[in-house]
Amino acid sequence: MPHPDDPIARLDGVVKRYGRLTALDGAELQLRRGELLALLGPNGAGKTTAIGLLLGLIRADAGTVELFGQDPQRIQARRRIGVMLQNAALPPTLRVGELLRLTASYYPAPRALAETAALAGIGELLQRPYAKLSGGQQRRVQFALALCGRPELLFLDEPTVGLDIEARQRLWLAIRQLIAEGCAVLLTTHYLEEAEALADRVCVMAHGRVIHAGSVDALRARVAIRRIRCRSALALEAVRGWPEVSEARLENQQLHISTAAAEAVVRRLLDADSGLSELEVQRAGLAEAFTELTRDADAASPTDQREAA
Amino acid sequence: MDSMISTVSGTVVAVATMPRARVFGAYLQEARSECLRYLRTPSFMLPTLLFPSVFYLMFGIFLAHANGPDAPRYLLASYVTFGVMAPGLFGFGVSLALERDNGLLALKRALPMPPGAYLLAKMLMATLVAAAIALILLGMAVFVAHVDLSADQMLALVATAVLGVLPFCAMGLWLGTLIKGQGAPGLINLTYLPMAFLSGLWFPLPLLPKWLQQIAPVWPSYHLDRLAMAAVGMNKGALLPHALTLVGFTAVFLLLATRRLRRCG
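Just so you know, these numbers come straight off a predicted model, no measurement behind them.

1. Some remarks on the overall build of chain B
From N to C terminus, chain B includes 10 helices and 0 strands. Reading chain B from its N terminus to its C terminus gives the helix and strand order α-α-α-α-α-α-α-α-α-α. In terms of overall dimensions, chain B has C-alpha extents of about 75 × 40 × 35 Å along its principal axes. Across the 265 residues that make up chain B, the buried fraction comes to 49%. When contacts within chain B are restricted to residue pairs at least 6 apart in sequence, long-range pairs at least 24 apart make up 78% of them. With an accessible surface of roughly 12,400 Å², chain B has 72% of that area assigned to carbon and sulfur atoms. Positive and negative side-chain charges in chain B, numbering 18 and 9 respectively, have mean positions lying 10 Å apart.

Now the structure itself:
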């Protein structure tokens with residue numbers, strides 16, 4: 001009997017090789033009902049392979065791949081998902097309304113056309129041929145196709161690439177609306193602010209493995225580095241020489257310092273320069289945490305497998 | 001807008017099962033979309049319909065009277081065969097090669113499209129185009145060249161065209177699994193045109209060198225041409241071997257294609 005807490009998508013010890021390249025090397029991933037999980041990682045980390053496995057496009061060499069407790073190659077499992085892939089060229093001569101009707105016909109209980117169009121904000125595009133749309137409009141149509149089947153789980157692969165800031169925020173709003181309805185989302189993205197804005201949990205991949213899985217805050221907290229900014233008369237070289245300072249530079253006449261011991265550095269700065277002004281201390285953002293994590297993974301990995309995926 | 005959104009939990013029960021009528025509807029939608037797509041793509045429809053018609057009009061009707069009274073009848077069969085090969089080879093081969101390359105096939109495989117809907121839709125489209133080609137050429141034969149054909153013969157020719165497209169669909173499918181992307185039209189033309197020539201569709205086989213005549217049965221188009229000839233009353237020989245050969249070609253190409261698709265996607 002399926003339990004509501006069972007994961008709806010799962011990779012367990014999954015290995016996938018392409019010839020001599022190992023794209024996934026014992027990857028673990030679990031997605032629960034109603035949550036948004038962001039899958040992050042540099043190019044070639046294995047994100048595309050992980051998504052391909054969960055969509056049933058490829059088969060694993062070892063390990064378990066499950067979608068709603070079933071093999072993703074079974075159509076019954078895929079009737080509960082919506083899909084937006086990064087590069088899928090839809091038939092250029094079909095009109096938007098025709099594309100929506102076609103995709104909705106694959107599902108047992110799809111949304112009404114008008115409801116889909118309203119959610120994705122494409123109501124005024126229904127009569128237009130797909131090829132005549134702008135890049136941003138095409139992305140919105142692809143998003144509409146992903147949600148038209150009333151999915152319980154939505155795969156969004158780089159959904160906001162090529163969108164301007166306003167369009168991106170509109171899409172974020174629509175994604176939040178779907179999550180509020182109870183839809184789970186597996187998001188891959190290069191934009192860390194996107195993960196920060198949307199994700200309940202993030203999963204960082206490198207070299208075919210999941211090297212971190214947890215909340216956005218937990219990921220940030222894994223990196224002890226904090227940033228200090230101030231205006232100061234102190235010489236850059238002198239500050240660089242302090243043992244607590246891991247990095248220091250000047251930018252727009254502001255001193256930027258990275259350190260794991262922010263309190264000690266601040267005390268020393270104030271002691272050394274009484275005229276110091278505009279002092280700011282910040283915890284590292286997701287971007288720094290991410291860079292640091294993947295750099296550690298790079299250092300730990302004996303072979304470079306970036307080409308794999 | 002909020003009021004229009006029904007919740008996921010409200011529809012949880014019906015999710016995994018799909019009534020048969022809806023599955024059938026998905027097949028219909030797929031076929032409808034595929035046909036609409038190609039009807040709106042002049043770069044596919046125009047050459048496919050115009051080449052056999054223009055060739056037949058020129059070589060089969062205006063320039064053919066010098067070759068005796070039966071030339072328009074003989075070449076009707078040849079050019080219907082020539083025309084029917086194209087929607088199969090190009091409709092399947094080129095579109096599969098492009099769609100494997102541009103991500104559309106991957107998206108369709110990830111979506112819960114009923115298995116087979118993709119291929120059935122393309123097959124239906126190729127069949128319709130083949131029927132259209134046969135009807136256009138028949139019209140020219142009857143009304144322009146005044147070829148005397150009985151209703152049975154016309155029906156037999158259209159049926160030959162409609163069924164005869166299938167081995168070329170299978171062959172196109174296999175070719176489409178071998179190549180990816182923009183190189184496909186060129187490569188498929190490299191298969192299509194020599195095969196048409198070597199099967200005697202442009203020049204009657206007896207005009208070709210002896211050894212080319214001997215290898216003609218290697219090409220599926222040769223066998224389809226024999227059947228089309230029989231339909232218009234120009235071949236009194238046995239038909240079953242040719243029909244069975246075409247069924248064999250279809251089966252082999254289908255097998256090769258599905259094996260490659262399963263392995264390489």
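Back to the text.
2. As for the packing of helix 2 (residues 42-62) of chain B against helix 3 (residues 71-101) of chain B
Residues and elements named next belong to chain B. At a minimum axis separation of 9 Å, helix 2 and helix 3 run at an interaxial angle of 165°. On the basis of their axis angle, the class for helix 2 and helix 3 is roughly antiparallel. In this structure, helix 2 crosses over helix 3, and the sense of that crossing is right-handed. For the pair helix 2 and helix 3, contact is made by Phe-44, Thr-48, Phe-51, Pro-52, Phe-55, Tyr-56, Phe-59 and Gly-60 and by Ala-71, Pro-72, Leu-75, Leu-76, Tyr-79, Phe-82, Gly-83, Ala-86, Pro-87, Phe-90 and Gly-91, respectively. Broken down by class, the residue content of the contact of helix 2 with helix 3 amounts to 15 nonpolar, 4 polar and no charged.

3. What about the packing of helix 6 (residues 151-178) of chain B against helix 9 (residues 220-231) of chain B?
Residue and element names in this part refer to chain B. Interaxial distance between helix 6 and helix 9 falls to 9 Å at its minimum, and their mutual angle equals 170°. Judged by the angle between their axes, helix 6 and helix 9 are roughly antiparallel. Contact residues: Gln-153, Ala-156, Leu-157, Thr-160, Gly-164, Phe-168 and Met-171 in helix 6; Pro-220, Ser-221, Leu-224, Leu-227, Ala-228 and Ala-231 in helix 9. Across the contact of helix 6 with helix 9, the residue classes tally to 9 nonpolar, 4 polar and no charged.

4. Quick notes on the side chain of Lys-122 of chain B
All names here are of chain B. With respect to the secondary-structure elements, Lys-122 resides in helix 5 (residues 117-143). Owing to a relative accessible area of 1%, Lys-122 belongs among the buried residues under this scheme. Lys-122 has contacts with Glu-34, Arg-37, Tyr-38, Gly-91, Phe-92, Ser-95 and Glu-99, leaving out every residue within four places of it along the chain.

5. Looking at the pairing of strand 9 (residues 209-215) of chain A
All names here are of chain A. As paired strands, strand 8 (residues 201-206) and strand 9 are joined by 6 bridges and run antiparallel to one another. Residue pairing for strand 9: Ala-206 is matched across the bridge by Arg-209. Connecting strand 8 to the next strand, strand 9, in antiparallel fashion are 2 residues, including His-207 with a positive phi near 50°.

6. A look at the environment of Ala-106 of chain B
Mapped onto the fold, Ala-106 of chain B is located in helix 4 (residues 104-110). Taking relative accessible area as the criterion, Ala-106 of chain B reaches 25% and is therefore assigned partly exposed. Apart from the residues lying within four places of it in its own chain, the contact partners of Ala-106 of chain B are Leu-57 and Leu-85 of chain A.

7. Describing the pattern of salt bridges
Residues and elements named next belong to chain A. For the coordinates displayed, the defined rule picks out 27 salt bridges over all chains. Put simply, Glu-280 and Arg-229 hold a salt bridge, and the shortest N to O gap is 2.9 Å. Of this pair, Glu-280 sits in strand 13 (residues 277-283) while Arg-229 sits in strand 10 (residues 226-231), placing them 51 residues apart in sequence. Overall, the relative accessible area of 33% leaves Glu-280 in the partly exposed class. Assessed through its relative accessible area of 27%, Arg-229 is described here as partly exposed. Residues participating in the shared-partner salt-bridge network are Arg-111, Glu-115, Arg-150 and Glu-181.

Thresholds, definitions, all that
The numbers attached to residues start from 1 for each chain and follow its sequence in the written order. Just so you know, chain letters begin at A and ligand numbers begin at 1, following the order they were written in. Side-chain atom pairs in this predicted model are given and counted only at pLDDT of 80 or more, local residue features only at pLDDT of at least 70, and totals for whole chains, interfaces and linings cover all residues. Excluded from the side-chain calculation are hydrogens and water; included are all heavy atoms of the structure. The numbering of helices and of strands both runs from the N terminus, where a helix is a DSSP run of H or I of at least 4 residues and a strand a run of E of at least 2. Only protein chains enter the accessibility calculation, which uses a 1.4 Å probe; a residue whose area is less than 20% of its type maximum is buried, one above 50% is exposed, and one in between is partly exposed. When checking whether two residues touch, look at their non-hydrogen atoms; a contact exists if any pair is within 4.5 Å. Surface exposure here means Shrake-Rupley accessible area, sampled with a 1.4 Å probe, where a residue is shielded only by the protein chains that are shown. Counting rule for charge: Lys and Arg are taken as positive, Asp and Glu as negative, and neither His nor the chain ends is counted. To locate a charge, take NZ of a lysine, CZ of an arginine, CG of an aspartate or CD of a glutamate. Here, axes are lines fitted to C-alpha atoms. For helices the fit covers the stretch in contact, and angles between N-to-C directions go from 0 to 180 degrees. Orientation categories follow fixed angle ranges, with anything under 35 degrees roughly parallel, anything over 145 roughly antiparallel, 65 to 115 roughly perpendicular, and all other angles oblique. Helix crossings get a hand from a simple test, with the near helix turned counterclockwise from the far one by less than a right angle marking a left-handed crossing and a clockwise turn marking a right-handed one. As a working rule, the residues Ala, Val, Leu, Ile, Met, Phe, Trp, Tyr, Cys and Pro are called nonpolar, Asp, Glu, Lys and Arg charged, and the rest polar, with Gly in that last group. Think of it this way: DSSP has to see at least two bridges between two strands before they count as a pair. Should a side-chain nitrogen of Lys or Arg be within 4 Å of a carboxyl oxygen of Asp or Glu, the pair is scored as a salt bridge.

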